[in-house]
Amino acid sequence: QVQLAESGGGLVQTGGSLRLSCAASGGTISSYLMGWFRQAPGKEREFVAAISRRGGNTYYADSVKGRFTISRGNAQNTVWLQMNSLKAEDTAVYYCAADRDYSLAYSRLTTYDYWGQGTQVTVSS
């Protein structure tokens, strides 16, 4: 059973940067599709970014394209989300997720089999 643990969240000013990490344990994620989602207060959880097994393909929500970068290190069993030019509307709890079946439906919540507990990102204006 893969377990995911996010870290790196915090409080940052508008225009600032944060780097989130998602460390996997209990198994290797090298063959998994990996994704990041977020959930703001009172809103549904939404897709942010996803990355293919070897990192050759990345996918982003329109709202973060050009500002966020997803990457992975299979040797470290870790996925990262570099977030630049942060805006107040990026404030949310950010979740890491893993899909063992490698579905092409990378933006759907139901695609993913394993989820982390989340890390809070707060962007102050």
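Residues numbered from 1 in each chain as written. Predicted model: local features only at pLDDT ≥ 70, side-chain atom pairs only at ≥ 80, totals over all residues. Heavy atoms only, no water.

I keep staring at the packing of aromatic side chains and nothing clicks. Help me out?
Aromatic rings in a pair are described by how distant their centres are and how their planes are angled relative to each other. Following the criterion strictly, the structure yields seven aromatic pairs and no others. A ring pair is formed by Y32 and Y114, whose centres lie 6.2 Å apart and whose planes are at 15 degrees; its orientation type is stacked. With Y32 in the loop between β3 (18-25) and β4 (33-39) and Y114 in strand β10 (residues 114-115), this pair connects stretches of sequence that are 82 residues apart. We note that Y32, like Y114, is buried. (Phe/Tyr/Trp six-rings, centres within 6.5 Å; stacked < 30°, edge-to-face > 60°. Helix = DSSP H or I, 4+ residues; strand = E, 2+ residues; numbered from the N terminus. Buried < 20%, exposed > 50% of the residue type's maximum accessible area, 1.4 Å probe, protein only.)

Help me understand the pattern of salt bridges, please; the structure alone is not making it clear to me.
Counted according to the given criterion, the structure contains five salt bridges. Taking the shortest distance from any N to any O, the salt bridge between R100 and D113 comes out at 3.9 Å. Here R100, found in the loop between β9 (92-99) and β10, pairs with D113, found in the loop between β9 and β10; they are 13 residues apart in sequence, far enough to count as distant. Accessibility expressed as a relative area gives 43% for R100, which makes it partly exposed. Overlapping salt bridges, with partners in common, bring together R38, E46, R67 and D90 in one network. (Salt bridge = Lys/Arg side-chain N within 4 Å of Asp/Glu carboxyl O.)

Even after reading the chapter, I still don't get the sheet that holds β3, so can you show me in this structure?
Pairing in this open sheet of four strands is antiparallel, and the strands run β1-β3-β8-β7 from one edge to the other. Whereas interior strands pair on both sides, the edge strands pair on one side only; in this sheet they are β1 (3-7) and β7 (68-73). Within this sheet the neighbouring strands show an average axis-to-axis angle of 15 degrees, counted without direction. Looking at chain direction, β1 and β3 are connected through five bridges and run antiparallel. Residue pairing for β3: Q3 is matched across the bridge by S25. (Pairing = 2+ DSSP bridges. Axes fitted to C-alpha atoms, helices over the stretch in contact; angles between N-to-C directions.)

Mind showing me how you'd approach the pairing of β9 here?
Taken residue by residue, a regular strand's side chains alternate between the two faces of the sheet. In terms of burial, β9 is largely enclosed, as seven of its eight residues are buried. Bridging between β9 and strand β11 (residues 119-124) involves three bridges; their strand directions are antiparallel. Directly across from V93, in β11, lies its bridge partner Q120.

I tried to follow the state of the cysteines on my own but got confused; where do I start?
Two cysteines, two sulfur atoms, one covalent bond between them: this is a disulfide. The full count for this structure, using the stated rule, is one disulfide. The disulfide partner of C22 is C96, and the S-S distance across this bridge is 2.0 Å. Note on the C22 and C96 pair: the S-S dihedral is about -75 degrees, so by sign convention the disulfide is left-handed. Of this pair, C22 sits in strand β3 while C96 is found in strand β9, placing the two residues 74 residues apart along the sequence. Here the two residues C22 and C96 agree in accessibility, since each one is buried. (Disulfide = S-S within 2.5 Å.)

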